[in-house]
Amino acid sequence: MEVSPLHHSCCTWLPIRSRFASISPRMIPRVSSGSTRRGRNVCLASFSSETLIGSRKEDGKRRKALNERDEAEDLKEWMHKNGLPPCKVVLKERPSYDERHSAIHYVAASEDLEVGDVAFSVPNSLVVTLKRVLGNETIAELLTTNKLSELACLALYLMYEKKQGKKSFWFPYIRELDRQAGRGQLAVESPLLWSESELAYLTGSRTKAEVHERAEGIKREYNELDTVWFMAGSLFQQYPYDIPTEAFPFEIFKQAFVAVQSCVVHLQKVSLAQRFALVPLGPPLLAYGSKCKAMLTATDDAVQLVVDRPYKAGESIAVWCGPQPNSKLLINYGFVDEDNPYDRLMVEAALNTEDPQYQDKRMVAQRNGKLSVQAFQVYVGKEKETVSDMLPYLRLGYVSDPSEMQSVISSQGPICPVSPCMESAVLDQLAQYFRTRLASYPTTLSEDESLLADPNLNPKKRVATQLVSPLRSFIEMKGRSKNWKMHRQLRSLRITERRVTGSSCIREYNVHNL
């Protein structure tokens, strides 16, 4: 929003800018802005040399191949042959909602596990990192700092490896990524792969714009791919004639990027060239949980998983996905966590740069830890705390009397006078903003609830509805009344009243948390 000064005794409505939160997730790296079984289950893929995901036609052939070639080697067997020590997990599968796709594989406990048990330990020889791909940590750091994200480099490497077919050491792992097809726990692909008609499910949500922004970022990454080929000696020597943008069309790279995005792991306490890794038996075979505490961790010679809770044999094993809101979980992994404590709405407010007292207000805001353009994170279940933090900032924007502004600047508290009219204008502004946001959704909250009750609802529409419903519930609650339950808010914020000479009522509040 832009918060402008209050003129005379009447209060004008001012726009608020808002968008869903965008965080720096622990498990998913940025998209460069300069450029994004039962016993022995078989997982043979129709292996097109073009993409890590493959078309739906290819996927149908893949499913048929699974039934015809039971002798094929599965991922876990390949890993054991190449150094994976005995572990306490098995690969199981669940059916896909779409018969054109293969079943979803997932990692489950092979026996009862207790807190602190090591479920598996994947040796570094079976982990894909930029250090392994580029053969030089300096080149890896240079590329990912100035040109490309780690995801782009890893996706390019796996596309080259896939062109080699069964000659590639990574054939079984790439085949498994093909089978998963970038799908999350609900067998839903990232919205980056949805059609425009499917993206319409997200209408009213900032996530729709984020999907387009991420796709544009991936396109910029694609345009820089040849830089990797020329700078990375290991790639140049291994694939001397395959210039990336000539070998792979953009849509193919985008599919590979999304597939890698769904399974990359952010390792801690390792070098820059090793921090983002592809770990067989890791995601997307592992489930994600917002409240889970288990993480894949790097040791001297392996990446291991220590479970954070007991598991029964056959139960799906989960790891923490980082402090990501549901919008990021959907874009990155294709699922929504309805019990996500990190889900939030971002309301972005800005002081009016045309305000004659803008510089003074900017100084006061900075003194109290706020910016001239400030993002307020509204967490589901913690709305009151955010509003308490937001209102003083909004009030500051409405101060118009120079003497009142000087009082704010020189106050020891600091204490700022607030008139009833100003308070009404601030709350009216917020209420109007939330009503406007609510009107942007094509369906009502009750209609969404009816959709979610339908067991046959399209899974993409289900996750999209699950994404917007909690935040819509908050918006509807706050936008329902004109004054947004003003007196209750004032009382909860502990704003005291005092009578002064004349008929007006002055409320004082501490702007320490401005």
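Residues numbered from 1 in each chain as written. Predicted model: local features only at pLDDT ≥ 70, side-chain atom pairs only at ≥ 80, totals over all residues. Heavy atoms only, no water.

Participant: Honestly, the overall build of the chain in this entry has me stumped. Any pointers?
Facilitator: Looking only at helices and strands, the chain features 20 helices and 17 strands. In the chain, which comprises 514 residues, the proportion classed as buried is 55%. In the form shown here, the chain has an accessible surface area of approximately 22,000 Å², with 49% of it arising from carbon and sulfur atoms. (Helix = DSSP H or I, 4+ residues; strand = E, 2+ residues; numbered from the N terminus. Buried < 20%, exposed > 50% of the residue type's maximum accessible area, 1.4 Å probe, protein only. Areas by Shrake-Rupley, 256 points an atom, 1.4 Å probe, with all protein chains shown as cover.)

Participant: Would you mind going over the sheet that holds strand S5 (residues 118-123) with me for this structure?
Facilitator: Through backbone hydrogen bonds, the strands of a sheet pair up, either in parallel or in antiparallel fashion. The sheet built from three strands is open, its strands ordered S5-S11-S10 with antiparallel pairing. Two strands lie at the open edges of the sheet, namely S5 and strand S10 (296-298), each paired on one side alone. Strand-to-strand twist of the sheet, defined as the mean angle between neighbouring strand axes without regard to direction, takes the value 25°. (Pairing = 2+ DSSP bridges. Axes fitted to C-alpha atoms, helices over the stretch in contact; angles between N-to-C directions.)

Participant: Could you clarify how one ought to interpret the pattern of salt bridges in this entry?
Facilitator: One pass over the structure, following the stated rule, counts 12 salt bridges. When the shortest N-O distance is used, the salt bridge between Glu93 and Arg179 registers 3.3 Å. One end of the pair, Glu93, is in strand S3 (residues 89-94); the other, Arg179, is in helix H6 (residues 171-180), and 86 residues separate them in sequence. Exposure remark for Arg179: the relative accessible area of 2% places this residue in the buried category. Between Arg275 and Glu150 there is a salt bridge, and its shortest N-O distance comes to 2.5 Å. Placement of Arg275 in the loop between strand S7 (264-266) and strand S8 (276-278) and of Glu150 in helix H5 (residues 150-163) is noted, with a sequence separation of 125 residues between them. On the basis of relative accessibility, which here comes to 2%, the residue Glu150 falls in the buried class. Through salt bridges that share partners, Glu189, Glu198 and Lys460 make up one connected network. (Salt bridge = Lys/Arg side-chain N within 4 Å of Asp/Glu carboxyl O.)

Participant: Is there a simple way to think about the pairing of strand S11 (residues 302-306) in this case?
Facilitator: For a regular strand, side-chain orientation follows a simple rule: the groups alternate between the two sheet faces. Most of S11 sits out of view: four of its five residues are buried. Relative to S11, S5 runs antiparallel, the two being bridged by five bridges. Note that in S11 the partner of Val118 across the bridge is Val306.

Participant: When you look at the state of the cysteines in this model, what are you seeing that I'm missing?
Facilitator: Two cysteines, two sulfur atoms, one covalent bond between them: this is a disulfide. Enumeration according to the criterion identifies zero disulfides in this entry. Free of any disulfide, Cys321 has its nearest neighbouring cysteine sulfur in Cys292, separated by 8.7 Å. (Disulfide = S-S within 2.5 Å.)

Participant: How should I be thinking about H5 in this particular structure?
Facilitator: In an α-helix, one turn spans 3.6 residues, which is why side chains three or four residues apart end up on the same side. Here H5 is 14 residues long and its end C-alpha atoms lie 20 Å apart, about the 20 Å a rise of 1.5 Å per residue gives. Residue Gly165 follows H5 closely and has a positive phi angle near 60°. (Expected span 1.5 Å × (residues − 1).)

Participant: Explain unusual backbone geometry here, please?
Facilitator: Cis rather than trans, the peptide bond between Pro283 and Pro284 has omega equal to 5°. The phi angle at Lys269 is positive, at roughly 60°, despite the residue not being glycine. Tracing the chain through its elements places Lys269 in the loop between S7 and S8. Positive phi, close to 80°, is recorded for Leu281, a residue that is not glycine. Relative to the elements of secondary structure, Leu281 occurs in the loop between S8 and strand S9 (287-289).

Participant: Would you mind going over the packing of H5 against H6 with me for this structure?
Facilitator: For any two helices packed against each other, one specifies the crossing angle of their axes together with the interaxial distance. Two elements in contact, H5 and H6, have axes separated by 10 Å at closest approach and are oriented at 110°. Overall, the two elements H5 and H6 adopt an arrangement that is roughly perpendicular. Taken together, the residues of H6 that come into contact with H5 (itself represented by Leu158, Glu161 and Lys162) are Ile174, Leu177 and Asp178. Classifying every residue of the contact of H5 with H6 gives three nonpolar, no polar and three charged. (Parallel < 35°, antiparallel > 145°, perpendicular 65-115°, else oblique. Contact = heavy atoms within 4.5 Å. Nonpolar A, V, L, I, M, F, W, Y, C, P; charged D, E, K, R; others polar.)

Participant: Got a minute to help me understand the sheet that holds S7 in this structure?
Facilitator: Strand order in this open sheet of three strands is S6-S8-S7, and the pairing throughout is antiparallel. With one partner strand each, in any of the chains shown, strand S6 (128-129) and S7 form the two edges of the open sheet. Here S7 runs beside S8; their pairing, made up of three bridges, is antiparallel. Looking at the pairing, Val265 lines up with Ala277 of S8. Across the face of the sheet, H5 comes into contact with S6, S7 and S8 while running at roughly 30° to S8.

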